[in-house]
Amino acid sequence: MPAAKSGKRTATRSRAHGAADRGGESHADVFACFAQDSPGRLSPDRLLKVLNEAGILRDDPRIAETIAHLDRGRPAPPATGPLLLTAEEFTAATRHNRGIIERAACGELAVPDFPALVADLQRIHEEVRADRSGAVASYIPQLARVDPEQFAISVCTVDGQRFSIGDADVNFCLQSVSKTVGYCLTLEEHGPDTVHRHVGREPSGQGFNELTFNKAGLPHNPMINAGAIMSCALIQRGLDAADRFDFVAETWKRLAGGRSVGFNNSVYLSERNTADRNFALGYSMRERGAFPPGTDLLATLEFYIQCCSIEVDTRQMAVAAASLANAGVCPLTEDPVFSAQTVRHCLSLMSSCGMYDFSGEFAFTIGLPAKSGVSGALMLVVPQLMGIAIWSPRLDGHGNSVRGIEVCRRLVDCYNVHTYDLLTGTGAETGKRDPRLKRHQSATEGIVGLCFAASRGDVNEIRRLAACNIPLDAADYDGRTALHLAAAEGHRSLVEYLLAKGVDPRPVDRWGGTPLDDANRSGHRDLARLLAEVTGTPRRPAP
Ligand code: GLU
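Since the model is a prediction, treat every value here as computed from it, not as a measurement.

Draft legend 1. Expanded view of the packing of helix H21 (residues 482-489) against helix H22 (residues 492-500). Look at H21 against H22: their axes get within 8 Å of each other, and the N-to-C directions meet at 155 degrees. On the basis of their axis angle, the class for H21 and H22 is roughly antiparallel. Judged by the twist between their axes, the crossing of H21 over H22 is left-handed. On H22, the residues touching Ala482, Leu483, Ala486 and Ala487 of H21 are Leu494, Val495, Leu498 and Leu499. For the contact of H21 with H22, a count of residues per class yields 8 nonpolar, no polar and no charged.

Draft legend 2. Molecular detail of helix H5 (residues 98-105). Counting buried positions along H5 yields 7 of 8 residues, so the element is predominantly enclosed. Gly107 occupies a position one or two residues after H5 and carries a positive phi of about 65 degrees.

Draft legend 3. Representation of the sheet that holds strand E2 (residues 162-166) within the structure. Strand order in the open sheet formed by 5 strands is E2-E1-E8-E7-E6, and the pairing between neighbours is antiparallel. For this open sheet the edge positions go to E2 and strand E6 (370-372), each flanked by a neighbour on one side alone. Geometrically, the sheet is characterised by an average inter-axis angle of 10 degrees between neighbouring strands, direction not taken into account. One ladder, built from 6 bridges, connects strand E1 (residues 152-157) with strand E8 (residues 386-391); its direction is antiparallel. Opposite Ser154, over in E8, you have Ala389 as the bridge partner.

Draft legend 4. Region of interest: the sheet that holds strand E5 (residues 310-312). A sheet is described by the order of its strands in space; here 3 strands give the open sequence E3-E5-E4, paired in antiparallel fashion. A single partner strand is all that each edge strand has here, and the edge strands are strand E3 (172-173) and strand E4 (262-263). Pairing of E3 with E5, which is carried by 2 bridges, proceeds in the antiparallel orientation. Across the sheet, Phe172 pairs through a bridge with Val312, a residue of E5.

Draft legend 5. Expanded view of H21. Burial runs high along H21: 7 of the 8 residues are buried. Within the sequence span of H21, burial applies to Ala482, Leu483, His484, Leu485, Ala486, Ala487 and Ala488. Looking one or two residues beyond H21, the residue adopting positive phi is Gly490, at roughly 75 degrees.

Draft legend 6. A look at the packing of aromatic side chains. Summed over the entire model, instances satisfying the criterion amount to 4 aromatic pairs. For the ring pair Phe172 and Trp391, a centre distance of 5.0 Å and an interplane angle of 15 degrees mean the geometry is stacked. Of this pair, Phe172 sits in strand E3 while Trp391 sits in strand E8, and the two are 219 residues apart along the sequence. The buried category is assigned to Phe172, whose relative accessible area is 3%. Ring centres 5.2 Å apart and planes at 75 degrees place the aromatic pair Phe245 and Phe263 in the edge-to-face group. Placement of the pair is Phe245 in helix H10 (residues 241-255) and Phe263 in strand E4, with a sequence separation of 18 residues. Owing to a relative accessible area of 33%, Phe263 belongs among the partly exposed residues under this scheme. These aromatic residues form a ring-pair network of at least three members: Phe245, Phe263 and Tyr268.

Draft legend 7. Geometry of the UniProt feature "binding site: substrate" (unreviewed entry) in the chain. UniProt's entry tags Ser176, Asn225, Glu271, Asn278, Tyr304, Tyr356 and Val374 with the feature "binding site: substrate" (unreviewed entry), counted in the numbering of this structure. Topologically, Glu271 is positioned in helix H11 (residues 265-273). With residues up to four places along the chain from it excluded, the contact list for Glu271 reads Tyr139, Ile140, Gln175 and Ile305. Its location among the elements puts Tyr304 in helix H13 (residues 297-308). Residue contacts for Tyr304: discarding those within four places in its chain leaves Lys179, Asn225, Ala228, Ile229, Cys232 and Asn278.

Draft legend 8. Region of the structure containing the pairing of E1. When you tally the buried positions in E1, you get 6 out of 6 residues, the bulk of the element. Burial along E1 is two-sided: the residues Ala152, Ser154 and Cys156 and Ile153, Val155 and Thr157 are all buried. Pairing of E1 with E2 involves 5 bridges; the strand directions are antiparallel. Paired with Ser154 across the bridge in E2 is Ser164. Hairpin connection, E1 to E2: the antiparallel pair is bridged by 4 residues, and Gly160 has positive phi, about 75 degrees.

Draft legend 9. The nonpolar core, seen in detail. Core analysis: the largest hydrophobic core is formed by 102 residues, its most contacted members being Trp252, Met317, Phe338, Phe362 and Leu380. Per-element accounting of this core gives the leading share, 8 residues, to helix H14 (residues 314-325). Not counting chain neighbours up to four residues away, the residues in contact with Trp252 comprise Leu174, Val177, Ser178, Thr180, Val181, Val261, Ile310, Ala320 and Met379.

Draft legend 10. Region of the structure containing the site of the ligand. Close to the ligand lie Tyr139, Gln175, Ser176, Phe208, Asn225, Glu271, Asn278, Tyr304, Cys308, Tyr356, Gly373 and Val374. With respect to the ligand, the side chain of Glu271 contributes an N or O atom lying 3.0 Å from a nitrogen atom. Between the ligand and Tyr304, the relevant distance is 2.6 Å, taken from an oxygen atom to a side-chain nitrogen or oxygen of the residue. Protein chains bury 95% of the 290 Å² of accessible surface belonging to the ligand in isolation.

Calculation notes
Residues numbered from 1 in each chain as written. Predicted model: local features only at pLDDT ≥ 70, side-chain atom pairs only at ≥ 80, totals over all residues. Heavy atoms only, no water. Axes fitted to C-alpha atoms, helices over the stretch in contact; angles between N-to-C directions. Helix = DSSP H or I, 4+ residues; strand = E, 2+ residues; numbered from the N terminus. Parallel < 35°, antiparallel > 145°, perpendicular 65-115°, else oblique. Left-handed = near helix turned anticlockwise from the far one by under 90°. Contact = heavy atoms within 4.5 Å. Nonpolar A, V, L, I, M, F, W, Y, C, P; charged D, E, K, R; others polar. Buried < 20%, exposed > 50% of the residue type's maximum accessible area, 1.4 Å probe, protein only. Pairing = 2+ DSSP bridges. Phe/Tyr/Trp six-rings, centres within 6.5 Å; stacked < 30°, edge-to-face > 60°. UniProt positions renumbered as here; feature names shortened; annotations may be inferred. Core = buried A, V, L, I, M, F, W, Y, C linked by side-chain atoms within 4.5 Å. Near = heavy atom within 4 Å. Polar contact = N/O pair within 3.5 Å; in protein donor to acceptor, adjacent residues only side chain to side chain. Areas by Shrake-Rupley, 256 points an atom, 1.4 Å probe, with all protein chains shown as cover.

Below, the structure written as structure tokens:
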């Protein structure tokens, strides 16, 4: 078996070490953040609760030393009373894991307002659970027998913030989701030029197991059966069957944060007995000379079916998706499983071909790379933000999980994560939020932006902010509004715009000043006249 790539990569893709060490003094501030309820003392349970709210779970390897330290310090029975940490004890307990703990305390992780995301996922899970449409795959008894009610959603951000709801501990087969990692492994081993001498990269426009090839006689892409069979022909050709399978299973384990994946032998046996179409695809490709010379077709087909029969739960699949979102580095272990180039290629093909013959529609409405499988699994990647795994066995006519698709729809309705949402933004017009923003950050930035634009008389920028739902009469800490600043700087067209938009014409700042006072003080007589008229204020005699 070849040595799997391992070891820590210190590239910028690794975020866990990204936080600058805040030094002893401000680590005390971090302690104070955690110990808000009981100044000077911190219970380990409170520390874990705050971390948990930020999405950093107890089994996260990046806080393993801290957990071990705290467990050692718990009073042994029959001693009673909670262990409380002083600031010094907190520093000692967390010294190996400071980076991640400080970033969690300071709201600096990829999704700073993680509780808001959790609340949305809970709501979406509850709402979508009511949908019982679709039918489980029935081409093999093992899939036909799966309880169709099961439904799980798991999320993992590129900073390893995790949350799961529903049947997140139940294993299911990867099925076609295995095609993603199979393709990545071929790229890592041979590079894209060699790989794409054997498989295309165009959507086929046909069903996933259609007996069809491109003009060169090759599979259309690696996300359909023929292409995935080709990936299996290319992965670690020099190894025997057992080591080739171990290599793939080990890769899933590394992507998923280090927990071993399973294998469903009965699914494998059943699939093998009913794989006529996959055998037909294999023989057709061999007839066309698509495989590299020396390919053992039967071994390749068995390997393909074994890869489809690997089992994971949604917790693992979400971490694997987050590893792809994080350019190939597992957020929990910092294991650089794939190169960024490999992931880029894979996400491109997931975007265009990952959702069977619904891929174009999915790209249009959801706008994110994803891959589904007939087990009801759906792996969704939000590049540089998070991975999401959804599992619910009932499928629609395309072979995609009904609830899986609906969860994606609702997520994209709430958040500006569609690739091209960057063109339309967030706010009132779209009704979408940006999960990358800190709590209150959008409102604060909006007000600062408003005041800044007003002082420059930038009507276009003010219009844009209004479109983003920033209230035009919002005031800063001193009670200064856009109208005060526009009046003080003599920006008549902006004053007219704001008044036409119905802002309060006489807001009072913390010193008791109104926009009219600003206009008068700065000598903008025409503006003073306008504001006096609008507010019904008697005109001051000219000096
Ligand atoms: N094992 C299935 C097949 O090869 C995979 C189907 C799928 O998930 O698309 O037919």
